[in-house]
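One letter stands for each residue in the lines below.
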Amino acid sequence: MKKIAIIAGAAVLMAAVPVIAQQTNEEKVICELAAKNCLNKADILEKRVKKLNAEIKKGSKAYSAEELKKLDQKLKETQDLLDKIEEKAPAK
Amino acid sequence: MKKRNIGILLVLLGLAAAGQAEAAFVVGGENGWQFSTDGIVDVFADYRSTSQLPTGDRFVSFLGNNDQNFGVEVGLLPSVVAFNVKAPTVNGVDSTVRIGIYPSIQNKSQDSRFDTSPNIDFREIYYTAKGRYGELLAGRALNLYQGKNILTDMTLLTAGVVPGPATTTTLGHIGYGYLYTNFGPQIRYTTPDLNGVKAALSVGEPYKISSFTAKTNVPRVETEISYATVLGGTTLQAWASGLFESATRSTTFVDANKVTQVTPRPGGHNTSLGGAAGVESGFKGVDLMASGYYGEGLGMISAQDGDLFGSSSTDGAGEERTQWGFLAQATYMLTPTVKIGANYGQSRQEKTAFDKTSAAFIPMKKQEAAVAMVTYNFNKFTQFVAEYTYAQDTWHDGATQHSNSFALGTLFYW
């Protein structure tokens, strides 16, 4: 019984798949075959980080304090997702 | 007993920790030039059992004929040896070269154990120049039309339908959910990424549309528009692609008895015109995909069968047949190393007015296949695959033929 519980517990841990995983071998092959014109999660997120940084830099001239806070939050979320893909420690 | 339980736990956690892909190794870089290589060794052992081929003059079957066969061969994608060269960035333009060699491992046929030809296939040799204006690609690469349909099929890196005749690869869902777009010589322009949207247009070498094509003096034009994004934890991509080519028919031909005959619709034109689209979304390990195509003058195996495989693009009167198909798929990452998946696809062909009146030749109506697979990533570069495939052909007279196949394979990536 205990053995089953341990194995079941391990299976649950294994099932906790990261929301966005690092690029798999399959994805790499697909990207190469498509001459790099593919769903590249890291590329998409990097562009988003750049765009958000550019918007935040516009500061209070373009955005209210509330909007800037939202942009900062969005930037942190996007950076965390990117770090997961690139296997870096998430931003604190 | 307790130690044994801990051991089991450690083994399971170890399997869970076996990670995903790493980049191919890179040489150089100091002076702006870089060289890298990537590739796959791809080996499948498959067993196929096929029912009797119905009698009569009918469109070719790719499933064999009342036979059972065991083979050790590559899957849908052959093995790959690829070399990449990156040049220094000049005036904001990044230039790269890719040379992809795709060898099969099996002999030409099981009757010719010393004949390995053609086991080398230079599918890719192109350069790209990418800047703020977008990207120019020149050379031999995967064609655009239905390119994403095959790339999103889970059997791209497994076996799928195991054909009866000796071929350089298995079929995946080629002719059983999409048509094979092939690798071809082309010049392609792709726009910059506009909020996830990219559009591409390529001019390629024209293919024969039927066995009666006389002139291929007009380029084949292909296009693709694609969209990709990440929304929170959800990935989403969608695409649409198109193909257009027109070719002139011959006026006479030499028949099987070496007698010169007048071609049906002598000197007329045939057109290959096709559209394709698809959507794929992934969330928490679940990935759902649906794709399809519709067109005329295409074929039942490759996107433009031309004079191959019974010349299905056109009928006996020289008119284009209409073909369409779809593929639906679901995969799930059961653990970080184990993925399960299933898909089902059909490729269909409509009867023309000539087909309805002619009893001489029976065209194919439907080719369908269902695949169930499980893949296991042993480590970052070694993968194992187990797969079952059911395939069935249905001709326009209602006759059918089916096959069952099992494949066990392994892939090594670098």
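Trainee: Which parts of the structure should I look at to understand the overall build of chain A?
Mentor: A tally of helices and strands in chain A yields four helices and zero strands. Across the 92 residues of chain A, 26% fall into the buried class. Nonlocal contacts in chain A, meaning residues at least 24 apart in sequence, comprise 47% of its contacts between residues at least 6 apart.

Trainee: It is not clear to me how the pairing of strand β21 (residues 400-413) of chain B should be interpreted in this structure. Could you clarify?
Mentor: Working note: regular strand, side chains alternate between the two faces of the sheet. Residues and elements named next belong to chain B. A one-sided burial pattern is seen for β21, the buried positions being Q401, S403, S405, A407, G409, L411 and Y413 and the unburied ones T400, H402, N404, F406, L408, T410 and F412. As judged from the 11 bridges shared by strand β2 (residues 34-50) and β21, these two strands associate in the antiparallel manner. Bridging from a neighbouring strand, I40 pairs with Y413 of β21. As judged from the 13 bridges shared by strand β20 (residues 382-395) and β21, these two strands associate in the antiparallel manner. Among the inter-strand pairings, T389 is bridged to a residue of β21, identified as S405. Joining the antiparallel neighbours β20 and β21 is a turn of four residues, in which G398 adopts a positive phi near 95°.

Trainee: Looking at this model, I keep getting lost on the environment of B:A240. Mind explaining?
Mentor: If you trace the backbone, B:A240 turns up in strand β12 (residues 234-249). Not counting residues within four places of it along the chain, the set of residues in contact with B:A240 comprises B:I225, B:G275, B:A276 and B:A277.

Trainee: What should I look at first to understand unusual backbone geometry in this one?
Mentor: Trans is the common state for peptide bonds, and a negative phi is the common state for residues other than glycine. Residue and element names in this part refer to chain B. The backbone of N91 shows a phi angle near 50°, a positive value even though the residue is not glycine. Mapping N91 onto the fold places it in the loop between β4 (80-86) and β5 (94-101). The exposure class of N91 is exposed, given the 5 C-beta atoms found within 10 Å. A positive phi is found at Q304, a non-glycine position, where the angle reads about 90°.

Trainee: For this particular structure, what's the right way to read the packing of helix α3 (residues 41-57) of chain A against helix α4 (residues 65-85) of chain A?
Mentor: Helix-helix packing is described using two parameters, namely the angle between the two axes and the distance between the axes. Residue and element names in this part refer to chain A. Relative orientation of the contacting elements α3 and α4 amounts to 155°, with a least axis distance of 9 Å. By the angle class used here, α3 and α4 are roughly antiparallel. Crossing of α3 over α4 shows left-handed handedness. Contact with α3, carried on its side by K41, A42, L45, E46, R48, V49, L52, N53, E55 and I56, involves L68, L71, D72, K74, L75, T78, Q79, L81, L82 and I85 of α4 and no other residues of that element. Of the residues belonging to the contact of α3 with α4, the class tally is 11 nonpolar, three polar and six charged.

About the cut-offs
Residues numbered from 1 in each chain as written. Chains lettered and ligands numbered in written order. Predicted model: local features only at pLDDT ≥ 70, side-chain atom pairs only at ≥ 80, totals over all residues. Helix = DSSP H or I, 4+ residues; strand = E, 2+ residues; numbered from the N terminus. Buried ≥ 20, exposed ≤ 12 C-beta atoms within 10 Å, placed from the backbone. Contact = placed C-beta atoms within 7 Å. Pairing = 2+ DSSP bridges. Axes fitted to C-alpha atoms, helices over the stretch in contact; angles between N-to-C directions. Parallel < 35°, antiparallel > 145°, perpendicular 65-115°, else oblique. Left-handed = near helix turned anticlockwise from the far one by under 90°. Nonpolar A, V, L, I, M, F, W, Y, C, P; charged D, E, K, R; others polar.

In short, the description is geometric, and any link to function would need to be established separately.
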